[in-house]
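Structural features, examined
These are the residues of each chain, in order.
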Amino acid sequence: MALWNERDDRLKERWFGLTNSQGNHGEDVKEYWWPLDATPTHSWGRLLYRYPQAAFPYAQLVAENARRGRGDREYELADTGVLAENRFFDVTITHAKAAPDDVLLTVTARNCGPDPAPLHLVPQLWFRNTWAWGRDDRRPTLALADDPAGVRVDGHHDFLGDYRLDAAGHPRVLFCDNETDAVGLFGADHNASRYPTNGIDAAIVHGDPGATNPENRGTKVALDYRFAAVGPGESVTVTLRLRAAAHDDPPFGDAYDAVLAARRAEADTFYAGVVPASASPDDALTARRAFAGLLWGKQVYRYAVGEWLEGDPSQPPAPPQRRAPEPAGRNTDWPHLELADVISMPDEWEYPWFAAWDLAFHAVTLAHVDPTLAKEQLLLLCREWAQHPSGQLPAYEWSFSDVNPPVHAWATWLVYVIDGSRDQAFLARMASKLLLNMGWWTNVKDEHGTDLFGGGFLGMDNISVFDRSRDVPAGHHLEQSDATSWVAFAFLAMLRIAQELARHDPGWSELPTTFLERFLAIAEASEAFGSAGTSLWDEADGFYYDLLVDDQGGAEPIRVRSYVGLVPLLAVAVTPDWVDQLESYVQRRDWLEEHRQDLLQRRVVVHPEPGHRGGLALVPPARYVRVLQRALDTGELLSPYGVRSLSAAYRDSTTVQVGGQALAIRYAPGESDSELFGGNSNWRGPVWLPVNVLLVEAMRTYAQGVGDELQVEVPTGSGHRVNLSQAADELSERLVGLFRPGPGGRRPSQPHDHPDHPLWNAHPTFSEYFHGDTGEGLGASHQTGWTSLVAHLICTRRAS
C-alpha cells in the first residue's frame, strides 16, 4: 500500500524512522500502526495504520531528535501536533485467502478528524528485481489486460507462473519498472529503464505525465484511487484480488464477501481454541493481538554470505575491506551461511533480521498457534547452512560471531511440551545439532578449562559497568555468573530432552548421563574458583555476581545486582516420574548419590512427597529463597509490572571497584543514558519480558521439585507468604498487567506519546521493554517478537 494526502511531498510507501546516529536513543520508527489479527496460514489478516492528514513532518522529526540528548524524551510523531483533533485517517488493511494462490484485499480508510480531507489510496504490485544481480537475467512482466469486465493486470514470472490482479472501481493505472533511479540518486549517465521505480511518485505527487509507461506495461504497477473529500467519520474502501491466472471465476460480488466472512469466522473459532475460555476479554484481546504481531512480523530473509562477500557480478565490485578478517570484517568467518527462508523477526522495522535468542522465544509463543512453524524456526539455525561447523549458532546479522544466551534447548523442550509431548523426531533432530552447540560452548567459552564460562554481553547490552564483550580490563578475564548459569541451564534442558528420547529409543540411553555429569561439573565449579577460592555466590549479599579474575588467579566480584545474578535461578529441572526406566542413567545417579554426596547435597531438590526422585538445580533451596528476597523486593528488583533488570537500590548510582578502577552504574528505569551498544536499548532498570518469563517458568519447575513447603514473601517484607508456584503466578499477573486497561482505559504499557483517548487506548502496543517504575513501553515500539511471550503467559495461566 501507498497513500497520499495531497499535502506530503512524497507518497507514503513505508514507515519512516531515524537511524541509530539520528535518534537520541538510537534508531526509532516515527509512525503508528497495529497488527489487528492474523491466522498462522495467513488465510486472514488485518492491520491498522494511522496516516496524518497534514504534511508528514519528516524534517522536523529529524532536526528535533538531533537536538535532544540522552536525558531527553524521544520526539515522536504525536509530539509534533500533526495528529491533534484526531486529524488522521485510520487505514485498515484486510486480506483473506480463497485459496493458497488467491488473495483478497480490502483497504478501508476512515476520517477520524473534524473536517473533510482528500486521500489517495494507492495499492502497488511489483516483482522483486533479481535480474539486475547478474546471475539470472530473466525479466518478469506486468501488463494491463483488455478486459471489459474491469481493471485487470496480468503478470508472468518464469518461476511463479501467471497471475492476475483485479481491481474494483476505476483507478488510474500507472506502470513503471522496479529499477533504481540511478541518475537522480547517484548522478549516473543513464538509468536501466526509462521509467524507474519512483515514476509512480513523480506521476501522482508531482504531476509528471512522462514518468510512467504509456504502453501500460513494466515490472511495477500502481492503482491510484483518489477521494477528493472524505467527510468526518466517513470511510472509503478499495477492493482488489491477486490470484493465479488459473482462477477465472468473477473476482468480486457475493462470493468475494462470503470468503471474507468465512475467514473472519474461522479466525474467531481458531483463537477460541487457543486462548483459554477463563481469560478475561481484555487478556484474550492482548493474546490475540500478540499472536497477530508475531505472525505479521514474519519476513522472507535472504542472505548468502559468500555472495555478499563476493558482490554481484553486474554491480560495482565489493569493497576490499568487506573481506577483512573478523572483527574488522563482518561475518567473514561464516561463508557457508546461506539463508532464503521465512523467519520470525524481532521487529519488522527496527530489527528486520533474526537474532538467535529472540527466535527461540518467538518459537515458544508460536507453538500455541503453529507448532510446525515453531519447530521449523528452531531447526533452521541448527541446519548446516546456518550453524557454524564449530557448532556455534549465528547470533544475528550484524555479527554472527557474537554470542547470545543458549536458550534453544529450553525452547525446544517447551515447544515439544506445548505441542503435546509427541514429536520425538523433532526432539532427536534438535538434540543432534544442539550437541554440537554445547560442545562449542565447552570448547570455546570455557577459555581456561575451569567449567566457568564467559560470553560477553550475552544479549543484555549495557547491564554491567563495562562492555563485557570488549572492555574487560587488561590482564584480567571475566567469569560470568550469567554465562556459567546459562550453560548449566542449557545442559539441564538437554538432560530433559535426552531423558525423553531415551525413554522411547534405547539408542539415546547413555546421553542423559553425559548431561548430568556436565551439569554437576559446572555446579561444582561455580562454588569456588581458582587459587583465591572465590565463589560466584556472595553469602553476605545473598546474590550471584560476575568475577573479574587476574592473571595470578586472584578474583574480585563485580557487586551489581541485576539479571546477571538471577540467571542461576533458571537452571532447574525436575526428574520425571518414570526415570527409573532409564537403567544407565539410574546406575550412574545412584553411584553419585553413594560416592559424591558432597556434590549432590547442594544440587538435588528433594520433593517432599513419597515416591518422587526430586530434581536438579544450580541453586539449592536456601539460596533460592535468598535470591528471590532480592528479586521480589520492591526497593530492589520487583516493580509493579515484573522484575527489573537492575536494582532500584542504585537510583542515586553506586560505584564498584573493577580492576583497580572505580566504575559507576545507576538505575535508569526508562531509556538508556549510556552510550554502550549505541544507547538504543537499556538493561539498567527496565522490565524485559523474556527474562521474566524464564523466571516464571523456572519458579514453577522448582516448585514441582520442592513442593509447597518452600515459601517466599511477595513482596519481600509484606508478610504475605506463598509457595514458589504461587509466587510465579503473582509475577505472571504483574507481567500481564502491563497490557490490562486501567480505570480510564489506558494501559500501563502504552508509550508516553500515545494520547489518552479511546482511539489510542483500544490498541495494546508491544514494546521492546518497559519502564522499571511505571510500565510504560520503551525502545522499539513494535517488538511483538519476544514481547509476544505475554500470550504464552495468558495461555498457560493457571485457573485460580
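As the structure is a prediction and not an experimental result, all values here were calculated from the model. (Residues numbered from 1 in each chain as written. Predicted model: local features only at pLDDT ≥ 70, side-chain atom pairs only at ≥ 80, totals over all residues. Heavy atoms only, no water.)

Turning next to the overall build of the protein. Summing up its helical and strand segments, the protein has 20 helices and 34 strands in all. Dimensions along the principal axes, computed over C-alpha positions, put the protein at roughly 90 × 55 × 55 Å. Residues classed as buried in the protein amount to 59% of the 800 residues present. Counting contacts in the protein only where the partners sit at least 6 residues apart, residues at least 24 apart contribute 69% of the total. Counting 70 positive and 108 negative side-chain charges, the protein places the averaged centre of each group 2 Å from the other. (Helix = DSSP H or I, 4+ residues; strand = E, 2+ residues; numbered from the N terminus. Buried < 20%, exposed > 50% of the residue type's maximum accessible area, 1.4 Å probe, protein only. Contact = heavy atoms within 4.5 Å. Lys, Arg positive; Asp, Glu negative; His and termini not counted. Charge placed at Lys NZ, Arg CZ, Asp CG, Glu CD.)

This part takes up unusual backbone geometry. Note: most peptide bonds trans; most residues except glycine with negative phi. Cis geometry marks the peptide bond from Glu326 to Pro327; its omega dihedral reads 10°. With an omega dihedral of -10°, the bond running from Val714 to Pro715 counts as a cis peptide bond. Following the sequence through the fold, Pro715 ends up in the loop between strand 31 (711-713) and strand 32 (721-723). For His42, which is not a glycine, the phi torsion comes out positive at approximately 60°. Along the chain, His42 falls in the loop between strand 4 (33-38) and strand 5 (44-52). In this model, Ser421 sits at a positive phi of 50°, which is unusual for a non-glycine residue.

Strand order in the open sheet made by the nine strands is 4-5-6-7-16-12-11-10-14, with antiparallel pairing throughout. On the outer flanks of this sheet lie strand 4 and strand 14 (217-218), each paired with one strand and no other. Across the sheet, helix 4 (residues 254-272) is in contact with strand 4, strand 5, strand 6 (88-99), strand 7 (102-111) and strand 16 (235-244); its angle to strand 6 comes to roughly 90°. (Pairing = 2+ DSSP bridges. Axes fitted to C-alpha atoms, helices over the stretch in contact; angles between N-to-C directions.)

A few words on the environment of Leu547. Along the chain, Leu547 falls in strand 22 (residues 546-550). Taking the C-alpha atoms as reference points, Leu547 and Ala474, 73 residues apart in sequence, are found 15 Å from one another.

Two residues of an α-helix separated by three or four positions point the same way, owing to the 3.6 residues in each turn. With 19 residues, helix 4 extends 27 Å from end C-alpha to end C-alpha; this agrees with the ideal 27 Å at 1.5 Å per step. Looking at the buried residues of helix 4, the elements they touch are strand 4, strand 5, strand 6, strand 7, strand 16 and helix 5 (281-296). (Expected span 1.5 Å × (residues − 1).)

Tracing the sequence through the fold places Gly69 in the loop between helix 1 (58-67) and strand 6. Exposure remark for Gly69: the relative accessible area of 28% places this residue in the partly exposed category. Placed 156 residues apart in sequence, Gly69 and Tyr225 show a C-alpha to C-alpha distance of 42 Å. What Gly69 contacts, discounting residues up to four positions off in sequence, is Asn24 and His25.

What follows is about the packing of helix 4 against helix 5. At a minimum axis separation of 11 Å, helix 4 and helix 5 run at an interaxial angle of 115°. Between helix 4 and helix 5, the crossing angle belongs to the class labelled roughly perpendicular. Pair helix 4 / helix 5 crosses with right-handed handedness. Contact residues: Ala267, Asp268 and Tyr271 in helix 4; Arg288, Phe291 and Leu295 in helix 5. Its residues placed into classes, the contact of helix 4 with helix 5 shows four nonpolar, no polar and two charged. (Parallel < 35°, antiparallel > 145°, perpendicular 65-115°, else oblique. Left-handed = near helix turned anticlockwise from the far one by under 90°. Nonpolar A, V, L, I, M, F, W, Y, C, P; charged D, E, K, R; others polar.)

On to the packing of aromatic side chains. By the definition in use, this model includes 40 aromatic pairs. When the centroid spacing of 4.1 Å and the interplanar angle of 10° are considered together, the rings of Trp15 and Trp33 count as stacked. In this pair, Trp15 sits in the loop between strand 1 (2-4) and strand 2 (17-18) while Trp33 sits in strand 4, placing the two residues 18 residues apart along the sequence. The class for Trp33 is buried, based on a relative accessible area of 0%. Between the aromatic rings of Trp410 and Phe489, the centroid separation amounts to 6.5 Å while the plane-to-plane angle is 35°, which identifies the pairing as tilted. One end of the pair, Trp410, is in helix 9 (residues 408-418); the other, Phe489, is in helix 11 (residues 481-504), with 79 residues separating them in the sequence. With a relative accessible area of 10%, Trp410 lands in the buried category. (Phe/Tyr/Trp six-rings, centres within 6.5 Å; stacked < 30°, edge-to-face > 60°.)

Time to look at the sheet that holds strand 22. The sheet built from three strands is open, its strands ordered 19-22-23 with antiparallel pairing. Single-partner strands in this sheet number two, and they are strand 19 (476-479) and strand 23 (555-558). Across the sheet, the mean angle from the axis of one strand to that of its neighbour is 30°, orientation sign disregarded.

What follows is about the environment of Leu511. Along the chain, Leu511 turns up in helix 12 (residues 511-525). Separated by 76 residues in the primary sequence, Leu511 and Leu435 place their C-alpha atoms 10.0 Å from one another. Here Leu511 is in contact with Leu435 and Ala498, once residues within four sequence places are set aside.

Turning to the pattern of salt bridges, a few remarks are in order. Counted under the stated rule, the structure contains 49 salt bridges. Asp158 serves as the salt-bridge partner of Arg138, at 4.0 Å between the closest nitrogen and oxygen. Of this pair, Arg138 sits in the loop between strand 9 (124-126) and strand 10 (141-144) while Asp158 sits in the loop between strand 11 (151-157) and strand 12 (161-167); the two residues are 20 residues apart in sequence, bridging distant segments of the chain. The class for Arg138 is partly exposed, based on a relative accessible area of 46%. Residue Asp158 is classed as partly exposed on the basis of its relative accessible area, which comes to 45%. Its salt-bridge partner being Asp423, residue Lys375 comes within 2.8 Å of it at the nearest N-O pair. Taken as a pair, Lys375 in helix 8 (residues 371-380) and Asp423 in the loop between helix 9 and helix 10 (424-445) lie far apart in primary sequence, 48 residues in all. You can call Asp423 partly exposed: its relative accessible area is 23%. Sharing partners across several salt bridges, the network here consists of Arg164, Asp166, Arg243 and Asp249. (Salt bridge = Lys/Arg side-chain N within 4 Å of Asp/Glu carboxyl O.)

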